[in-house]
Amino acid sequence: MKLKENQLIALQNVLDCMDHYICIDHVRDEYRESDLQDLESQIQVLQKIVNQNLPIADRPFERMYFV
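Sequence order as written defines residue numbering, which begins from 1 separately in each chain. Since the coordinates come from a predicted model, pLDDT governs what is reported: local features require at least 70, and pairs of side-chain atoms require 80 or more to be given and counted, while whole-chain, interface and lining totals use all residues. Hydrogens and waters are ignored; side-chain quantities use all the structure's heavy atoms.

S.K.: I tried to follow the overall build of the protein on my own but got confused; where do I start?
M.R.: Strands are runs of DSSP state E lasting at least 2 residues, helices are runs of H or I lasting at least 4, and numbering of each runs from the N terminus. Along its length, the protein carries two helices and zero strands. Restricting to contacts in the protein with at least 6 residues of sequence separation, those with at least 24 account for 68%. Entry remark: accessible area of the protein is about 5500 Å², with carbon and sulfur atoms responsible for 55%. When checking whether two residues touch, look at their non-hydrogen atoms; a contact exists if any pair is within 4.5 Å. Note that accessible areas follow from Shrake-Rupley with a 1.4 Å probe, and for residues the cover is restricted to the protein chains shown.

S.K.: Explain the nonpolar core to me, please; I cannot follow it from the model alone.
M.R.: Nonpolar side chains in soluble globular proteins tend to end up buried together. Among the nonpolar cores identified, the biggest contains 11 residues, and these are Leu8, Leu11, Leu15, Met18, Ile22, Val27, Leu36, Leu39, Ile43, Val50 and Leu54. At the level of elements, α1 (5-23) and α2 (33-53) are the ones that each hand at least two residues to this core. The element contributing the most residues to this core is α1, with five residues. Joining through side-chain atoms within 4.5 Å is the link that ties buried Ala, Val, Leu, Ile, Met, Phe, Trp, Tyr and Cys residues into a set, and such a set is a nonpolar core. Only protein chains enter the accessibility calculation, which uses a 1.4 Å probe. A residue is then buried if its area is under 20% of the maximum for its type, exposed if over 50%, and partly exposed in between.

S.K.: Could you clarify how one ought to interpret α1 in this entry?
M.R.: Given 3.6 residues to a turn, an α-helix orients residues that are three or four positions apart in the same direction. One less than the number of residues in a helix, times 1.5 Å, gives the span that helix is expected to have. For α1, built from 19 residues, the straight-helix expectation of 27 Å at 1.5 Å per residue is met to within 8% by its first-to-last C-alpha distance of 27 Å. Looking only at α1, the buried set comprises Leu8, Leu11, Gln12, Leu15, Asp16, Met18 and Ile22. Buried-residue contacts for α1 involve α2. Following α1 by one or two positions, Asp25 adopts a phi angle in the positive range, close to 60°.

Right, here's the structure in full:
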């Protein structure tokens, strides 16, 4: 199944929200450690799908990483 551009943008928005919740440890209250590791793995898989199909220029938000 091929996702449409608006579906990929929606998926990117959801992934950005999940990434934020993981960064602030919000989801740790809701998941066991093993489930959290599985969730992070699934997020990476979905992010790979978005990265392969949606040019960065078409994304409404850019991720910021602090070093």
